[in-house]
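Tertiary structure, described
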Amino acid sequence: MSGKQVQLEQAIEVNNYYEIIAEVPGHIGQRSVVDREARPPKVSSLHFVFEDWGGDELLTSYPIYLVKDSLAEAFLEQRFSGFELASVDVERGKQILAFKPSLELPKFLWLRVTGDHKGADFFMTSNRYLGVSEGGLMAIKETRPRTLVHRIYHEGDNSGKWV
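Heads up: these notes are all about the structure in this document. (Residues numbered from 1 in each chain as written. Predicted model: local features only at pLDDT ≥ 70, side-chain atom pairs only at ≥ 80, totals over all residues. Heavy atoms only, no water.)

**As for the packing of aromatic side chains**
The cut-off we apply is this: For Phe, Tyr and Trp, rings pair up if their centres lie within 6.5 Å, where Trp contributes its six-membered ring, and each pair is then called stacked (planes under 30 degrees apart), edge-to-face (over 60) or tilted (otherwise). Numbering goes from the N terminus for both helices and strands, where a helix is a DSSP run of H or I of at least four residues and a strand is a run of E of at least two. Any residue under 20% of the maximum accessible area for its type is buried, any over 50% is exposed, and the rest in between are partly exposed; the area is computed with a 1.4 Å probe on protein chains only. Whether a charge sits over a ring comes down to the Lys NZ or Arg CZ being within 6 Å of the ring centre and within 35 degrees of the ring normal.
Applying the stated criterion across every chain yields a total of eleven aromatic pairs. Consider the rings of phenylalanine 80 and phenylalanine 122, whose centres lie 6.0 Å apart with planes at 70°: the pair is edge-to-face. Taken together, the residues phenylalanine 80 in the loop between helix H2 (69–77) and strand S8 (83–86) and phenylalanine 122 in strand S11 (residues 122–124) connect sequence positions 42 residues apart. The same class applies to phenylalanine 80 as to phenylalanine 122, namely buried. Following the ring pairs from residue to residue traces out a cluster consisting of Phe48, Phe50, Trp53 and Phe108. A cation over an aromatic ring shows up here: arginine 112 above the ring of tryptophan 110, its NZ or CZ 4.4 Å from the ring centre.

**Quick notes on helix H4 (residues 134–141)**
So the rule is basically this: Here the arc refers to the directions that run from the helix axis out to each C-beta atom. Between two residues, a contact is recorded if the distance between any of their heavy atoms is within 4.5 Å.
Restricting attention to buried positions, one finds in H4 the residues Gly136, Leu137, Ala139 and Ile140. Around the axis of H4, the buried residues are gathered within 160° of arc, so they sit on the same side. In this fold, the buried residues of H4 make contact with strand S1 (17–21), strand S6 (58–61), H2, S11, strand S12 (130–133) and strand S13 (149–152).

Laid out in structure tokens, this is it:
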């Protein structure tokens with residue numbers, strides 16, 4: 001193989017995909033509509049109860065994800081694929097009212113993950129983590145998340161190191 005062929009192959013290398021773990025600031029509330037018989041559970045209407053919030057713009061509570069409205073706007077502007085945005089009924093829980101009564105929560109949207117790993121920017125991995133493209137991860141990291149960890153995703157391999 002010539003040097004030009006190697007350079008060409010490196011130039012067309014596919015972007016990496018990542019599995020991420022996001023901040024868990026609360027839980028799915030009682031007013032949610034959840035099919036718990038499905039695996040993973042399917043949520044068709046979301047009520048989320050915040051018990052804390054550390055400031056990250058991408059949040060989770062299995063099996064759902066929330067995204068701050070400004071980060072959602074960045075996802076739309078960058079034309080990322082594999083998600084829909086929906087409204088979420090937000091409630092401040094007992095813990096947040098007791099320990100952080102003056103904390104103002106920004107607007108969050110439900111990030112409904114619809115993609116698969118064969119080309120979408122957002123998808124659920126075979127390990128049941130949120131999968132994101134390199135561009136998606138960079139957009140999230142621009143918000144300077146405090147609790148986000150990630151690792152390179154390879155289908156069926158969960159041996160990568162979390163960073």
